[in-house]
Amino acid sequence: PLCSRVSSGYSGMSQTNTLGSDWLIYRRLLSNLSGLWPLFALSIVGYFLYSSSQVLVADWSQFVIDTLSGEKRVDAGIVSGFILRHFGGADPSQRWLHGMIAVSVLVLAVIRGAGYFIGNYYLSYVSNHLVHKLRCQVFDQILVVPASYYHGSSRGNLLAKVTYHVNRVTGAATDAVKVIIREGFFVIGLLAYLFYKQWSLTLIFLVVLPIIGLLVTWVGRQFRRISRRIQDSVGDVTQVANETIGGYQEVRLFGGREYERQRFYASSAYNLAQNMKMVMTSSLASPAVQLLVWSALAVLVWVALDLRTGSTAGEFVAYVGAAGMLAKPIRQLSEVMGVVQKGLAACE
C-alpha cells in the first residue's frame, strides 16, 4: 500500500538526518501550497519592506548626528543622500533639515508597520491553511489504511498524529518561517549595509559565521533526536490515558488503579525528562551564539575606533549601530532551529 511505502521511506530518511532529507520533507510539506503561492510571495515582499526599513533606521541615525554636528557631508548616508538629492534644493537650511529628519523617520515607521502587517497576516493565512489541509489529509488517510495498520499502532499514537504532531508542524510552517524570512532579510540587509560602509571591517564576521553554522547544525541534530522521543512519549501518555478512561469499569472492578497510575506516571515522567533535555540544549545554545556574535562585535568596534579617521561621527555611529543590531536577529535565527527540527520530526 502507498501508506506503508511512504512510511518506510520517511522512516529511513529520519535515520540519516541530513540537510538533504530535511529539504525533501520540507519540500513535500510546501507542495500543499498549491493556489497559495501568490499570497506567500506577497508576505515575502512585506517582510522585505519591514527588514529594509529596519536597516535604514541605523542609517537614519547618521542623518541626525551629522545634521546636529554641522557636518558638511550630511548627505553621505543613504537616507540623507536620497532626501537631499530629490527634495533638497541648492542650500537647505538647518531648520529644513530638522523637518526632513522628523518626516523621514515617520516614513520609515509607516513602511515598517505596513511591511510587518503584510508579511505577518498573509504568511499566517498561508500557514494556517496549510496545517488545516495537512490535518484533513492525515484524517482522510486514517479512514482508508488497512486493518493491519490499526493493529500495529496504538490508539494513542494515532490520535497524537492528528492532534499533537500536526500542531508541531504549525511551528515549522508558521512561526519558524516568519522568523527565518523576517530575520533572514534583516541579517542580509545589515551585512550588505556594513559591507557598503566598511567592507574590510565587516570581513571580521566571516570568521565567526562558520563557527555559528557548525554550532547551529549540531544543536539541530540534538533537537531532532529529542523531538522524536517527545513525540513517542506523547503517544504513550495519550494511550495510557485513553485505555484507563475507556476501561474505567474494568480498572475499578479488578483493582487496577495503582497499576494504571504507575503506567501513566512513568510515561509522563519520560515526557518531562525529554522536554527538559530540549530546554537544556536550547538554553545553552542561545548564549553560546550570542557570545560568538558579541566577540566579533567587540573586535569590530575596537578596530573601527582605531580606523575612524576620514569618517564623520554620524557615519561611525551608524556603522557601529548597524553592527550591534546584528546580535538579535542572529540569536533568533539560531533559536528557531529548535522549532524547525520539532516540526520536521512531526512531518516525518
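Residues numbered from 1 in each chain as written. Predicted model: local features only at pLDDT ≥ 70, side-chain atom pairs only at ≥ 80, totals over all residues. Heavy atoms only, no water.

Asks: Describe the overall build of the chain, naming the residues involved and giving the relevant values.
Replies: A tally of regular secondary structure across the chain gives 12 helices and zero strands. The order of α-helices and β-strands along the chain, N terminus first, is α-α-α-α-α-α-α-α-α-α-α-α. Taking 20 Å as the expected radius of gyration for a compact globule of 348 residues, we find that the chain reaches 27 Å, considerably beyond that expectation. In terms of principal-axis extent, the alpha carbons of the chain reach across some 95 × 40 × 35 Å. By residue count, 41% of the 348 residues in the chain fall in the buried class. Restricting to contacts in the chain with at least 6 residues of sequence separation, those with at least 24 account for 82%. (Helix = DSSP H or I, 4+ residues; strand = E, 2+ residues; numbered from the N terminus. Rg over C-alpha atoms; globule rule 2.2 N^0.38 Å. Buried < 20%, exposed > 50% of the residue type's maximum accessible area, 1.4 Å probe, protein only. Contact = heavy atoms within 4.5 Å.)

Asks: Describe helix α3 (residues 37-68), naming the residues involved and giving the relevant values.
Replies: A rise of 1.5 Å per residue sets the reference length of α3, with its 32 residues, at 46 Å; its end C-alpha atoms lie 47 Å apart and thus fit the reference within 8%. At Ala58, α3 shows its largest kink, close to 30°. The first or second residue beyond α3 is Gly70, which carries a positive phi of 75°. (Expected span 1.5 Å × (residues − 1). Bend = angle between axes of the 7 residues up to and from the residue.)

Asks: Explain the packing of α3 against helix α4 (residues 78-87) to me, using residue names and the numbers behind them.
Replies: Interaxial distance between α3 and α4 falls to 6 Å at its minimum, and their mutual angle equals 65°. Comparing the axis directions of α3 and α4 gives the class roughly perpendicular. Together, Leu56, Asp59, Trp60 and Phe63 of α3 and Ile78, Val79, Ser80 and Ile83 of α4 make up the contact between the two elements. The residue inventory of the contact of α3 with α4, partitioned by class, reads six nonpolar, one polar and one charged. (Axes fitted to C-alpha atoms, helices over the stretch in contact; angles between N-to-C directions. Parallel < 35°, antiparallel > 145°, perpendicular 65-115°, else oblique. Nonpolar A, V, L, I, M, F, W, Y, C, P; charged D, E, K, R; others polar.)

Asks: Give me a nonpolar patch on the surface: which residues, what numbers.
Replies: A cluster of nonpolar side chains, namely Leu42, Val45, Phe48, Leu49, Val103, Val107 and Ile111, defines an oily patch on the protein surface of about 540 Å² accessible area. Contributions of two or more residues to the nonpolar patch are made by α3 and α5 (94-144). Judged by its relative accessible area of 34%, Leu42 falls in the partly exposed class. (Patch = residues over 30% accessible without salt bridge, like charges linked within 9 Å, V, L, I, M, F, W, Y side chains within 5 Å. Areas by Shrake-Rupley, 256 points an atom, 1.4 Å probe, with all protein chains shown as cover. Salt bridge = Lys/Arg side-chain N within 4 Å of Asp/Glu carboxyl O.)

Asks: Lay out the packing of helix α8 (residues 204-246) against helix α12 (residues 327-347) in plain terms, naming residues and giving numbers.
Replies: α12 packs onto α8 with a crossing angle of 35° between their chain directions and a minimal axis gap of 8 Å. Of the two possible hands of crossing, α8 and α12 adopt the one that is right-handed. Between α8 and α12, the residues in contact are Ile212, Val216, Gly220, Phe223, Arg224, Ser227, Arg228 and Gln231 and Ile330, Ser334, Met337, Gly338, Gln341, Lys342, Leu344, Ala345 and Ala346, respectively. Class assignment for the residues of the contact of α8 with α12 results in eight nonpolar, six polar and three charged. (Left-handed = near helix turned anticlockwise from the far one by under 90°.)

Asks: An account of the pattern of salt bridges is requested, with residue identities and associated values reported.
Replies: In this structure the tally under the stated criterion is three salt bridges. The closest approach of N and O atoms between Arg182 and Glu183, which form a salt bridge, is 2.8 Å. Arg182 sits in the buried class, given a relative accessible area of 13%. Taking relative accessible area as the criterion, Glu183 reaches 6% and is therefore assigned buried. A salt bridge links Arg263 to Glu260; the shortest N-O distance between them is 3.1 Å. Taken together, the residues Arg263 and Glu260, both in helix α10 (residues 257-306) and three residues apart, mark about one turn of the helix. A relative accessible area of 24% means that Arg263 is categorised as partly exposed. Classification of Glu260 by relative accessible area gives buried; the value is 13%.

Asks: Please provide a residue-by-residue account of the nonpolar core, values included.
Replies: Membership of the largest hydrophobic core comes to 28 residues, with the highest contact counts inside it found for Leu194, Phe205, Ile212, Val293, Leu326 and Ile330. Going through the elements one at a time, α3, α7 (155-202), α8, α10, α11 (313-324) and α12 are the ones with two or more residues in this core. Sort the elements by how many residues they give to this core and α7 lands first, with seven residues. Counting residues in hydrophobic clusters, the runner-up holds 20 residues, among them Tyr26, Tyr47, Val177 and Val340. (Core = buried A, V, L, I, M, F, W, Y, C linked by side-chain atoms within 4.5 Å.)

Asks: Can you lay out the confidence of the model for the chain for me, pointing to particular residues and giving the numbers?
Replies: On average, residues of the chain score 79 in pLDDT, and 90% of them are at 70 or above. The model gives residues 1-17 a pLDDT under 50, and that stretch makes 15 contacts with residues more than four places away or in other chains. (pLDDT = per-residue confidence, 0-100.)

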